[in-house]
Amino acid sequence: MTDSPASVPVAPGSPTLRLRERIRYNLALLDLRGRGFVLIGGLLLLAWLSSGIYKVQPDEQGIVLRFGRWQQTAESGLHYHLPYPIETVLLPRITQVNQLQLGSGASGLSSAGNGARDKQMLTGDENIVEADCTVFWRIKDARFYLFKISDPERSVKLAAESALREVIGRTPIQSVMSDKRAQIADETRDLLQQLLDHEQAGILITQVQLQRVDPPPQVIDAFNDVQRARADQERARNEAEAYANDVIPRARGDAARITQDAEAYKAQVGNLADGEAKRFLSVYNSYVQSKEVTAWRLYMESMDEVLKKASKVIIDSSGKGMSGVVPYMPLSEQGKPVQKDTRP
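None of the values given here were measured: they were computed from a predicted structure.

1. Here we look at the overall build of the protein
And step 1. If you tally the helices and strands in the protein, you get nine helices and nine strands.
And step 2. Sorting the 344 residues of the protein into buried and exposed places 21% on the buried side.
And step 3. Element-wise, carbon and sulfur atoms account for 56% of the exposed surface of the protein, whose accessible area totals about 25,100 Å².

2. Description of the environment of Glu-199
And step 1. Inspection of the secondary structure assignment puts Glu-199 in the loop between α7 (181-198) and β9 (203-214).
And step 2. Taking the C-alpha atoms as reference points, Glu-199 and Phe-144, 55 residues apart in sequence, are found 9.4 Å from one another.

3. Observations concerning a nonpolar patch on the surface
And step 1. Residues Leu-45, Trp-48, Leu-49, Ile-53, Leu-78, Tyr-80 and Leu-82 make up a contiguous nonpolar surface patch of roughly 670 Å² in combined accessible area.
And step 2. Taken together, the elements giving at least two residues each to the nonpolar patch come down to α2 (36-50) and β4 (77-80).
And step 3. Residue position: Trp-48 is located in helix α2.
And step 4. The class for Trp-48 is partly exposed, based on a relative accessible area of 34%.

4. Structural notes on the pattern of salt bridges
And step 1. With the rule as written, the count across this model stands at 15 salt bridges.
And step 2. Note that Asp-246 and Arg-250 form a salt bridge whose closest N and O atoms lie 2.7 Å from each other. Linking Asp-246 with Arg-250, this pair stays in helix α8 (residues 220-289), spanning four residues, or about one helical turn.
And step 3. The partly exposed category is assigned to Asp-246, whose relative accessible area is 42%.
And step 4. Sharing partners across several salt bridges, the network here consists of Glu-130, Asp-132 and Arg-212.

5. Notes on the packing of helix α5 (residues 152-169) against α7
And step 1. Here α5 crosses α7 at 135°, and the two axes come no closer than 8 Å. On the basis of their axis angle, the class for α5 and α7 is oblique. Seen from above, α5 lies across α7 with right-handed handedness. On α7, the residues touching Val-156, Ala-159, Ala-160, Ser-162, Ala-163, Leu-164, Glu-166, Val-167 and Ile-168 of α5 are Ile-184, Glu-187, Thr-188, Leu-191, Leu-192, Leu-195 and Leu-196.

6. Observations regarding the side chain of Gln-193
And step 1. For Gln-193, the location among the structural elements is in helix α7.
And step 2. At 3.0 Å, the side chain of Gln-193 and the backbone oxygen of Ile-203 are in polar contact.
And step 3. Setting aside anything within four residues of it in sequence, one finds Gln-193 in contact with Lys-140, Ile-203, Leu-204 and Ile-205.

7. Things to note about the sheet that holds strand β5 (residues 87-90)
And step 1. As summarised here, the arrangement of the three strands in space is β3-β2-β5, forming an open sheet in which the pairing is antiparallel. The strands lining the two open edges of the sheet, one partner per strand, are β3 (69-74) and β5. Here the strands of the sheet are splayed against their neighbours by 25° on average, with no regard to which way each runs.
And step 2. Strand direction decides the pairing type here: strand β2 (residues 62-66) and β5, joined by four bridges, are antiparallel. Residue Leu-65 lies in a different strand from β5, and its bridge partner there is Thr-88.

Parameters and conventions
Residues numbered from 1 in each chain as written. Predicted model: local features only at pLDDT ≥ 70, side-chain atom pairs only at ≥ 80, totals over all residues. Heavy atoms only, no water. Helix = DSSP H or I, 4+ residues; strand = E, 2+ residues; numbered from the N terminus. Buried < 20%, exposed > 50% of the residue type's maximum accessible area, 1.4 Å probe, protein only. Areas by Shrake-Rupley, 256 points an atom, 1.4 Å probe, with all protein chains shown as cover. Patch = residues over 30% accessible without salt bridge, like charges linked within 9 Å, V, L, I, M, F, W, Y side chains within 5 Å. Salt bridge = Lys/Arg side-chain N within 4 Å of Asp/Glu carboxyl O. Axes fitted to C-alpha atoms, helices over the stretch in contact; angles between N-to-C directions. Parallel < 35°, antiparallel > 145°, perpendicular 65-115°, else oblique. Left-handed = near helix turned anticlockwise from the far one by under 90°. Contact = heavy atoms within 4.5 Å. Polar contact = N/O pair within 3.5 Å; in protein donor to acceptor, adjacent residues only side chain to side chain. Pairing = 2+ DSSP bridges.

Listed below in structure tokens is the structure:
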């Protein structure tokens, strides 16, 4: 007598026995019996093998581990790895930009007692300043990031403090607090990247922002006084240089003008003297050749010069040859006003 599948009783006992009986009962219903275990095993094997299919997103890197050891790095796309527990995959996001506050105590890595001291740094001219900056970083190589460093944030913080202290330590305080802040941030980023690459941290520093650089609160008033004194000194120096730039060129111009006037006067006097000397030599040569004629001519020229300026002419009528002189009317003086005698 054969047992019907519907009449198979559930024997009391362990859960494994009950599960086995339940499977046999279901296989008997499907009329599979001996082939059912093979089919179920094949389905389970297929499901296990298909569990190795994985997809890497564009902002991720796939890190394949074989028995916990790195095997390969997969880029974005569809990939396959041996099923668990032979191989596993990690998918860290490599495009996510992380932000780290340095010097502000926001990271909580420094105790409250020495938090202010951690921000104090020595400048190139041996002054103390407190500096705060923000570091932006992301994963560059997920393999090194996951297996070379145990605490990425702390590693970045320590390296950033070291880089910032080194850069500020070779820069004067005036440059740190004024015109070289952007240059200090760039140098800190480059030095920090070198330190992380040397340690194979797999981290890329995208930006370093220098936020606040001030003297310690205990000496900030004295420092401000020094800054104001230096500003006054610089202002006085600029005013002096402006005055010098205004006076010196003007004095040089006046000196050049006076020199040119003197040269012109020298040339004029020299030319006049040469002309007078040549005229005297000409007269002298004429006098040597004809003394009486030359003497009379000189006398006439002299009298002409003298009488030309006189307003009255006196004629001696008793002189020889003077009876025929005709009086003349000075027409040039007719238009002149007559001055009245105001004497009492």
